[in-house]
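Analysis of the macromolecular model
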Amino acid sequence: MDRLKGLILSGGRGTRLRPITHTSAKQLVPVANRPVLFYGIQAMAEAGIDEIAIIIAPETGAEIRAAAGDGSRFGVRLTYITQDQPAGLAHAVLTAEPFLGADPFVMYLGDNLLQGGITDLVAAFAANRPDALILLTPVSDPQHYGVAELRDGSVVALAEKPPQPATDLALVGVYMFTPVIHDAARAIAPSARGELEITDAIQHLVDRGLRVEPHIVQGWWKDTGRLDDMLEANRLILDTIATKLDGELVGSDVHGRVVIEPGARLERCTVRGPAIIGAGARLTDCYVGPYTAVGERCTIERAEVEHSILLADSSVVGLEGRMESSLLGRNVRIGRTDHQPRAYRFMVGDNSEIGIL
Ligand code: DAU
């Protein structure tokens, strides 16, 4: 089989993670202190795919380019392709056609996380040589995903976010294609949401009698497009970390699997893992509970934080109640104001959510 190329989709709008994604790409929101996107690049690198294009949007492209660079740190070559508007996943494929040419490729949605990587799937694709290979997994809310119907182990029908799903088998955001997908993407019309759906392009392959091989995902899979999924992805990745204490611990206790990155300083703190504390963070008189990822240069003082993600440069100071299941953006300040009048004072961006005791 010809060499596989990689295509990672990091365009789109990220409306469901606002306000975080007002100012930054959703594919760069960190899971266990690493941008979601990096897990996809790494999965491709591990599967031996070293020529990868990343689809970017005009608004967030520069930021993605700055974060992932030329790919050398992953051992791959990264090319960036701007998609002028988020016209759908199949439109993204067509935008990348000059890069992909006649080569088979793996397409990976930049906000997806797949346990166990893609090495086995790439091997199955090479061995069985189907026209396309799709990944499926049972979910409790199939109406939010592409949904597949199988008969005798073959794909017979696919639907994008059907209100009444025929099965609970969701399309996972990792696909393997031969170049026949380009003509299929050209043949379909935009969906009700105005996008050229990859789901419809794959249905087109099925309708033409081409072979679309389904694979049921064995490990976990997360589409990190929503807050709960993001926290869950953070939990699943933190569950796999090994203890590494590089920062400075002063009168502090660390239990379970905890990573403390270089330059972080913890004074009179208790950290109960799995948790990660980013480089340069300052933690004083606080408790950090399981499934928490504290970003670089964050401050936590006289507060308790659990099952949360704090992006870089944020601070949480002097809270009476424990903060949990929260996602703080960059440079967010949450603190107690002691001067009169004693009142709640907020400066909060559009589409934010705050729960108070
Ligand atoms: O996560 C799996 C689901 O992903 C599948 O089950 C669905 O069948 C598939 O359509 C897709 O659904 P979403 O609605 O979740 O896709 P989303 O708009 O979030 O886009 C997925 C990724 O692709 C995301 O990283 C943004 C990027 N993207 C999206 C569009 C619409 C692009 O690069 N260009 C685009 O035009």
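Residues numbered from 1 in each chain as written. Predicted model: local features only at pLDDT ≥ 70, side-chain atom pairs only at ≥ 80, totals over all residues. Heavy atoms only, no water.

Regarding the site of the ligand
Near the ligand, the surroundings consist of 29 residues, among which Gly 11, Gln 83, Glu 160, Lys 161 and Leu 171 are the closest. A distance of 2.9 Å separates an oxygen atom of the ligand from a polar atom in the side chain of Gln 27. Within the contact set of the ligand, an oxygen atom lies 2.7 Å away from a backbone nitrogen or oxygen of Leu 171. Listed by contribution, the elements that provide at least two residues to the shell around the ligand are β1 (5-10), β11 (169-177) and β13 (221-223). Sorting elements by how many residues they give to the shell around the ligand places β11 first, with three residues. Considering only residue class, the shell around the ligand consists of 10 nonpolar, 11 polar and eight charged. (Near = heavy atom within 4 Å. Polar contact = N/O pair within 3.5 Å; in protein donor to acceptor, adjacent residues only side chain to side chain. Helix = DSSP H or I, 4+ residues; strand = E, 2+ residues; numbered from the N terminus. Nonpolar A, V, L, I, M, F, W, Y, C, P; charged D, E, K, R; others polar.)

Overview of the side chain of Glu 306
Along the polypeptide, Glu 306 turns up in strand β25 (residues 304-306). A polar side-chain atom of Glu 306 sits 3.1 Å from a polar atom in the side chain of Arg 322. If sequence neighbours within four positions are ignored, Glu 306 has contacts with Tyr 287, Gly 289, Pro 290, Thr 292, Arg 322, Met 323, Glu 324 and Ser 325. (Contact = heavy atoms within 4.5 Å.)

Brief notes about helix α9 (residues 227-238)
Compared with the 16 Å implied by 1.5 Å per residue over 12 residues, the 16 Å span of α9 between its first and last C-alpha is a close match. Along α9, the positions that sit buried rather than exposed are Asp 229, Met 230, Leu 231, Ala 233, Asn 234, Leu 236, Ile 237 and Leu 238. (Expected span 1.5 Å × (residues − 1). Buried < 20%, exposed > 50% of the residue type's maximum accessible area, 1.4 Å probe, protein only.)

Some details on the state of the cysteines
On inspection of all chains with the given rule, the structure shows zero disulfides. Cysteine Cys 286 shares no disulfide, and the gap to the nearest cysteine sulfur, in Cys 269, comes to 3.4 Å. When its relative accessible area of 5% is taken as the criterion, Cys 286 is described as buried. Cys 286 provides the cysteine sulfur closest to Cys 298, a residue in no disulfide bond, and the two sulfurs are 11 Å apart. (Disulfide = S-S within 2.5 Å.)

With respect to the sheet that holds strand β22 (residues 287-288)
In spatial order, the strands read β16-β19-β22-β25-β28; together these five strands make up an open sheet with parallel pairing. Lying at the two open borders of the sheet, with one neighbouring strand each, are β16 (253-255) and β28 (323-324). Examined bridge by bridge, β22 and β25 share two bridges and lie parallel to one another. The residue bridging Val 288 from the neighbouring strand is Val 305, located in β25. (Pairing = 2+ DSSP bridges.)

What to know about empty space enclosed by the protein
Regions of empty space are outlined by a rolling probe, equal in size to a water molecule, passed over the atoms. The final tally for this structure, using the stated rule, is one cavity of 30 Å³ or more. In terms of lining, the largest cavity is formed by Gly 11, Gly 12, Ile 56, Ala 57, Pro 58, Glu 59, Gln 83, Asp 84, Gln 85 and Pro 86. (1 Å grid on protein atoms, 1.4 Å probe; cavity = no way out; pocket = protein on both sides within 12 Å on 5 of 7 lines; lining within 4 Å. Points joined across faces, edges and corners; volume = space filled by probe spheres on them.)

Description of the packing of aromatic side chains
How two aromatic rings sit relative to each other is given by the distance of their centres and the angle of their planes. In the structure shown here, the tally under the stated rule is four aromatic pairs. Summarising the aromatic geometry, the rings of Phe 38 and Phe 74 are spaced 5.1 Å apart at their centres and angled 80 degrees between planes, so their arrangement reads as edge-to-face. One end of the pair, Phe 38, is in helix α2 (residues 36-46); the other, Phe 74, is in the loop between α3 (61-68) and β5 (77-82), and 36 residues separate them in sequence. The two residues Phe 38 and Phe 74 agree in class, both being buried. In this structure an aromatic cluster arises from ring pairing among Phe 105, Tyr 175 and Phe 177. Of note, Arg 34 hangs over the ring of Tyr 39, and the distance from its end group to the ring centre comes to 4.9 Å. Over the face of the ring belonging to Tyr 291 we find Arg 235, whose NZ or CZ atom lies 5.6 Å from the ring centre. (Phe/Tyr/Trp six-rings, centres within 6.5 Å; stacked < 30°, edge-to-face > 60°. Lys NZ or Arg CZ within 6 Å of the ring centre and 35° of its normal.)

A closer look at the environment of Gly 273
Within the fold, Gly 273 resides in the loop between β19 (270-272) and β20 (275-277). Judged by its relative accessible area of 14%, Gly 273 is buried. The spatial distance from the C-alpha of Gly 273 to the C-alpha of Thr 95 is 43 Å, given a sequence separation of 178 residues. The residues touching Gly 273, leaving out its near neighbours within four places in the chain, are His 255, Arg 257, Val 258 and Pro 290.

What about the domain arrangement of the protein?
Domain annotation for the protein reports domain 1 (5-237) and domain 2 (242-335). In this complex, domain 1 contributes 13 residues to the contact, which on the side of domain 2 involves 19 residues. Between domain 1 and domain 2, a total of about 1200 Å² is buried, with carbon and sulfur atoms accounting for 68% of that surface. At the boundary of domain 1 with domain 2, the tally comes to zero salt bridges. Where domain 1 meets domain 2, there are one residue pair in polar contact (both at pLDDT 80 or more). Counting residues per element, the side of domain 1 that touches domain 2 draws most heavily on α9, which supplies five residues. Grouping the constituent residues of the side of domain 1 that touches domain 2 by class yields eight nonpolar, three polar and two charged. (Domains from an automatic or database assignment. Buried area = accessible area lost by both parts, 1.4 Å probe. Salt bridge = Lys/Arg side-chain N within 4 Å of Asp/Glu carboxyl O.)

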